[in-house]
Amino acid sequence: ETGVTQSPTHLIKTRGQQVTLRCSSQSGHNTVSWYQQALGQGPQFIFQYYREEENGRGNFPPRFSGLQFPNYSSELNVNALELDDSALYLCASSRGVAAYNEQFFGPGTRLTVL
Amino acid sequence: RKEVEQDPGPFNVPEGATVAFNCTYSNSASQSFFWYRQDCRKEPKLLMSVYSSGNEDGRFTAQLNRASQYISLLIRDSKLSDSATYLCVVNFLNNNDMRFGAGTRLTVKP
């Protein structure tokens, strides 16, 4: 177990709805990254939060947004859900933003959009 | 060309076999390289970082060829427990933008 937790485990939404996913980082980690993993693909970088600020973003539209709280936990919000948003959403925490820092992944939230 | 490209496999090998996975990346400025392992319906976990001089961890050996923009992972004496998907990971434009390959699936059979 990595100490990174995510909630909920599974979620079913319909097109157009909004969703909030949550992540608690491992103790001592101040950086959280979010990834989207479609079936049969590797994780795709959505964005990263460091000390409550967005610290980099992948190729995802603005309807994907996030927050990081003072305790370094984080939320991923997705507005106007589309069918293609169906995926496993993973968060990973690390001790700082440097690329050589190991990222510890949570178990993920499986989102299904109908 | 994909940013990070891997042979998807699947690789089906007997116990005790040696198997090698390859990965190519498109950004010559990339600085950090990793192999992650992902079991079915589980989260990815770091297997090993890849250093310029190559590195070994038990039965696992990672190599980096910057000139060819190529990373490899060699697994010797395969165990049943090595069955998983192996993900090649490269930092892309910034230190925080990690790009994953689609993964190579390995099944080790008795």
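Rules used throughout
- Here the residue numbering is sequential within each chain, running from 1 through the sequence in written order.
- For this description, chains carry letters from A and ligands carry numbers from 1, given in the order in which they are written.
- Local features in a predicted model are, by the rule used here, given only for residues with pLDDT of at least 70; side-chain atom pairs are given and counted only at 80 or more, and totals for whole chains, interfaces and linings are based on all residues.
- Each side-chain value is worked out from all heavy atoms of the structure, with water and hydrogens disregarded.
- Only DSSP runs of H or I with at least four residues qualify as helices, and only runs of E with at least two residues qualify as strands; both kinds are numbered from the N terminus onward.
- The rule is simple: take the accessible area with a 1.4 Å probe, protein chains only, and divide by the maximum for that residue type; under 20% is buried, over 50% is exposed, in between is partly exposed.
- Contacts described as polar in this section are N or O atom pairs within 3.5 Å, which, within protein, must combine one atom able to donate a hydrogen with one able to accept it, while residues neighboring in sequence count only if both atoms come from side chains.
- Working rule for contacts: check all heavy atoms of both residues, and any pair within 4.5 Å makes them a contact.

Colleague: Residue-level account of the side chain of A:His29, with values.
Modeller: Residue and element names in this part refer to chain A. Residue placement: His-29 occurs in the loop between strand 3 (19-24) and strand 4 (31-37). Looking at His-29, the relative accessible area reads 2%, which means it is buried. Looking at His-29, its side chain comes within polar contact range of the side chain of Ser-93, at 2.7 Å. If we ignore the near neighbours within four places in the chain, the residues touching His-29 are Tyr-72, Ser-93, Ser-94, Arg-95 and Phe-104.

Colleague: Outline unusual backbone geometry, supporting the account with residue identities and numerical values.
Modeller: The omega torsion of the bond from A:Ser7 to A:Pro8 falls at -10 degrees, within 30 degrees of zero and hence cis. Within the fold, A:Pro8 resides in the loop between strand 1 (5-7) and strand 2 (10-13). At A:Ala80, a position not held by glycine, the phi torsion is positive, near 50 degrees. Here A:Ala80 shows up in the loop between strand 8 (74-78) and strand 9 (87-94). For A:Ala80, a relative accessible area of 40% corresponds to the partly exposed category. Notably, B:Gln69 is not glycine yet its phi reads approximately 55 degrees, a positive angle. Position of B:Gln69 relative to the elements: it lies in the loop between strand 7 (60-65) and strand 8 (70-75). Of the residues examined, B:Gln69 reaches a relative accessible area of 14% and is grouped as buried.

Functional significance is not addressed by these values, which are geometric in nature.
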